[in-house]
Amino acid sequence: MHSIPGRRLIMGLFLVFLLLPIYWLVNMSFKTNSEIVSTMTLWPHTPTLQHYKRIFTDESWYSGYINSLEYVVLNTIISISVALPAAYAFSRYRFLGDKHLFFWLLSNRMAPAAVYALPFFNLYSAIGLFDTPWAVALAHCIFNVPLAVWILEGFVSGVPREIDETAFLDGYSFPRFFIKILVPLIASGIGVAAFFCFMFSWVELLLARTLTSVQAKPIAAIMTRTVSAAGMDWGLLAAAGVLTIIPGALVIWFVRNYIARGFALGRV
Amino acid sequence: MDKTVNQKAWFLVLPVFLVVAFSAVLPLMTVVNYSMQDTFGNNQFFWNGVGWFKELLDPSTDLGGRFLASLGRNLFFSLVILAIEVPLGIVVALSMPREGWTVAACLIILALPLLIPWNVVGTIWQIFGRPDIGLLGYVLNAIGIDYNYVSNEVDAWVTVIVMDVWHWTSLVALLCYAGLKSIPDAYYQAAQIDGASRWAVFKAIQLPKMNRVLLIAVLLRFMDSFMIYTEPFVVTGGGPGNSTTFVSIELVKIALGQFDLGKAAALSLVYNLIILIVCWIFYTVMTNAGVERKVQTESEPAAEPKPSAALKPVPALKPKEGVA
């Protein structure tokens, strides 16, 4: 690939720009509160683990992480399992209203969460799902399902049609073909789609906060409230922030070779 | 690829349709219902017809003034971040290392900001920019720039924009990188033989190849910046005054803050309609681009992509796209 002059310098500067604010957060999470407020230090002079300890021992804190992971995983499973057959259909067949349907899905991916916050609150209260992980998982489907369909459609289109035809000639039934042949072929695509569902569900706060109150409260919402109520406990806030970055950083590792293609929604 | 007509495909799409319809259509109907009514609390509703919509589009009323002002701010914000993030993203993508472990390292660091929960992004910049405890705020003040995003409008705007650049430029860069990766080496070799300058290579080979991904990048960035809520809310809370109150923040204020359901619903519908129109324009452009490409390749059976006549690959190095 052809590059431009000074690319190392540009890349280096940009990476520093990306990492510096994160470093500052990590740095703060290891400082005592008195060090944070009183002096400006580039690294923790009296390193402490007290903030992390507090999060891992106080249930009102660590339950937030469990709640968040719960609805994120639920959402990812729902999104991928409904999106797979649809992606196949969009990739292989033409049917009545297919283009309109695709556009409608796309438009839901783009719909602002703020618009849906209040009606979702009413809807999920009415059917008794309010304050459960299911409410958030289903609500996040509105942007994750279209995204999953979009990504998977790109990957399914990359599988030659001859493979389907051969399988059907060999006497495979449709469900068997789907599970035994197609799914293994687009395994990387499923991984990428799952990664994106995980990511967008993990980073979203507005809906997750609106649809939960006590039982299923996500970590992001706990961060905003506890801290402002107890004055400003900067160290604790920073430690909680650092811990929310870790799951994301872990999943990136698994999809690092497919990230770029996934961001292009499978169609490069 | 030719698709066969098969109406049974609807059965495969049905689960998606049901799940999304449950989350999209039912709530939207509630919104439409609310938008025509007024409430005095206690679940008492009164028919208000198109009253809210009239008020919303009339800048002389309180509601209309707030809506149009926040819409203006939001459009300005979207344009500014697009103007920064798209060129910067292209430059970063072009600066990616060619091979080795550094590629993976760069990719992972680039993707990192994208995976941080949005309110934590806000928190990071809230802390980073504070003059007392944040590195950025402290350094800026130390070198004599009076920077305070809480009280100064310009500083608040700069902070929100830099935060968005920090958060989302990687997305543009990763998309462009994916586009660049799909260019066969033969193109560059041919360009070298022709003695093309770097700028010519960029204009004739790289930019056309990035067209599609750039379109997706612009679409995603425009939409997401147009409905931005969490990050500016955490950092500035929409202030100082109303200077960084974007449409979503205004909407949540009206809906969940004042519980003015009618006004909020009317605002939601207009907001959604704007998004829908922009979305439709992009979608049409995107599908048209796809059709054009197909027609082009069909009219040239050899399927030899021509970046430009001058940069035509030499026969021995012809990319074998027809086979793949």
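Worth saying up front: this structure is predicted, and the values here are computed from it rather than measured. (Residues numbered from 1 in each chain as written. Chains lettered and ligands numbered in written order. Predicted model: local features only at pLDDT ≥ 70, side-chain atom pairs only at ≥ 80, totals over all residues.)

1. What to know about the overall build of chain B
Turning to step 1, where the next piece is worked out: When its secondary structure is counted, chain B shows 12 helices and 3 strands.
Turning to step 2, where the next piece is worked out: Relative to its 324 residues, chain B shows a buried fraction of 41%.
Turning to step 3, where the next piece is worked out: A separation threshold of at least 6 residues defines the contact pool for chain B, and within that pool the share at least 24 residues apart is 68%. (Helix = DSSP H or I, 4+ residues; strand = E, 2+ residues; numbered from the N terminus. Buried ≥ 20, exposed ≤ 12 C-beta atoms within 10 Å, placed from the backbone. Contact = placed C-beta atoms within 7 Å.)

2. A look at the overall build of chain A
Turning to step 1, where the next piece is worked out: A tally of regular secondary structure across chain A gives 14 helices and 1 strand.
Turning to step 2, where the next piece is worked out: Seen through its C-alpha atoms, chain A measures out along the principal axes to roughly 75 × 60 × 30 Å.
Turning to step 3, where the next piece is worked out: Burial analysis of chain A (268 residues in total) assigns 51% to the buried set.
Turning to step 4, where the next piece is worked out: In chain A, of all internal contacts separated by at least 6 residues, the share reaching a separation of at least 24 is 80%.

3. Overview of the nonpolar core
Turning to step 1, where the next piece is worked out: The biggest cluster of nonpolar side chains holds 181 residues, and the ones touching the most others in it are A83(A), A117(A), V149(A), L152(A) and A193(A).
Turning to step 2, where the next piece is worked out: The element that contributes the greatest number of residues to this core is helix α7 (residues 133-157) of chain A, accounting for 18 residues.
Turning to step 3, where the next piece is worked out: Ignoring any residue separated from it by four or fewer positions in sequence, one finds V149(A) in contact with A83(A), A86(A), A87(A), F90(A), L105(A) and V16(B). (Core = buried A, V, L, I, M, F, W, Y, C linked by C-beta atoms within 7 Å.)

4. What to know about the environment of N33(A)
Residues and elements named next belong to chain A.
Turning to step 1, where the next piece is worked out: Counting through the fold element by element, N33 comes out in helix α2 (residues 33-38).
Turning to step 2, where the next piece is worked out: By C-beta crowding, N33 is classed as partly exposed, having 17 other C-beta atoms within 10 Å.
Turning to step 3, where the next piece is worked out: In the structure, N33 is positioned 143 residues away from R176 in sequence and 59 Å away in space, judged by C-alpha atoms.
Turning to step 4, where the next piece is worked out: For N33, the contacting residues outside a window of four places in its chain are D233, W234 and G235.

5. Describing unusual backbone geometry
Turning to step 1, where the next piece is worked out: In this model, D131(A) sits at a positive phi of 65°, which is unusual for a non-glycine residue.
Turning to step 2, where the next piece is worked out: By the element assignment, D131(A) lies in the loop between α6 (113-126) and α7.

6. Looking at the interface of chain B and chain A
Turning to step 1, where the next piece is worked out: Between chain B and chain A, the residue contacts involve 82 residues of the former and 85 residues of the latter.
Turning to step 2, where the next piece is worked out: The element contributing the most residues to the side of chain B that touches chain A is helix α1 (residues 9-35) of chain B, with 14 residues.
Turning to step 3, where the next piece is worked out: Residue composition of the side of chain B that touches chain A, by class: 63 nonpolar, 15 polar and 4 charged.
Turning to step 4, where the next piece is worked out: Where strand β1 (residues 93-94) of chain A lies against strand β1 (residues 4-5) of chain B, 2 bridges are found, and the strand directions are parallel. Looking at β1(B), one finds that R94(A) is bridged to V5(B). (Nonpolar A, V, L, I, M, F, W, Y, C, P; charged D, E, K, R; others polar. Pairing = 2+ DSSP bridges.)

7. Some details on helix α4 (residues 101-111) of chain B
Turning to step 1, where the next piece is worked out: Along α4(B), the positions that sit buried rather than exposed are C106(B), L107(B), L110(B) and A111(B). Buried residues of α4(B) fall within an arc of 125° about the axis and therefore sit on the same side. (Arc of directions from axis to C-beta.)

8. Regarding the confidence of the model for chain B
All names here are of chain B.
Turning to step 1, where the next piece is worked out: Scored by pLDDT, chain B comes out at a mean of 80, with 85% of its residues at no less than 70.
Turning to step 2, where the next piece is worked out: Confidence, expressed as mean pLDDT per element, reaches its minimum in chain B at strand β3 (residues 45-47) with 69 and its maximum at helix α3 (residues 62-94) with 90.
Turning to step 3, where the next piece is worked out: The model gives residues 300-324 a pLDDT under 50, and that stretch makes 33 contacts with residues more than four places away or in other chains.
Turning to step 4, where the next piece is worked out: Predicted as a complex, the structure gets a pTM of 0.82 and an ipTM equal to 0.83. (pLDDT = per-residue confidence, 0-100.)

9. Section: the environment of Y124(A)
Residue and element names in this part refer to chain A.
Turning to step 1, where the next piece is worked out: As for its position among the elements, Y124 is in helix α6.
Turning to step 2, where the next piece is worked out: Sequence separation of Y124 and E70 is 54 residues, and the distance between their C-alpha atoms is 18 Å.
Turning to step 3, where the next piece is worked out: Setting aside residues no more than four positions away along its own chain, Y124 makes contact with L129, F130, A135 and L211.

10. Overview of α7(A)
Residues and elements named next belong to chain A.
Turning to step 1, where the next piece is worked out: With 25 residues, α7 extends 34 Å between its outermost C-alpha atoms, agreeing within 8% with the 36 Å of an ideal straight helix rising 1.5 Å per residue.
Turning to step 2, where the next piece is worked out: The largest bend in α7 is about 50°, located at I142, with the proline P146 one to four residues further on.
Turning to step 3, where the next piece is worked out: Counted residue by residue, α7 has 24 buried out of 25 residues, so it is predominantly covered. (Expected span 1.5 Å × (residues − 1). Bend = angle between axes of the 7 residues up to and from the residue.)

11. Remarks on the environment of L112(B)
Residues and elements named next belong to chain B.
Turning to step 1, where the next piece is worked out: Mapped onto the fold, L112 is located in the loop between α4 and α5 (118-129).
Turning to step 2, where the next piece is worked out: You can call L112 partly exposed: it has 18 C-beta atoms within 10 Å.
Turning to step 3, where the next piece is worked out: The spatial distance from the C-alpha of L112 to the C-alpha of S170 is 8.7 Å, given a sequence separation of 58 residues.

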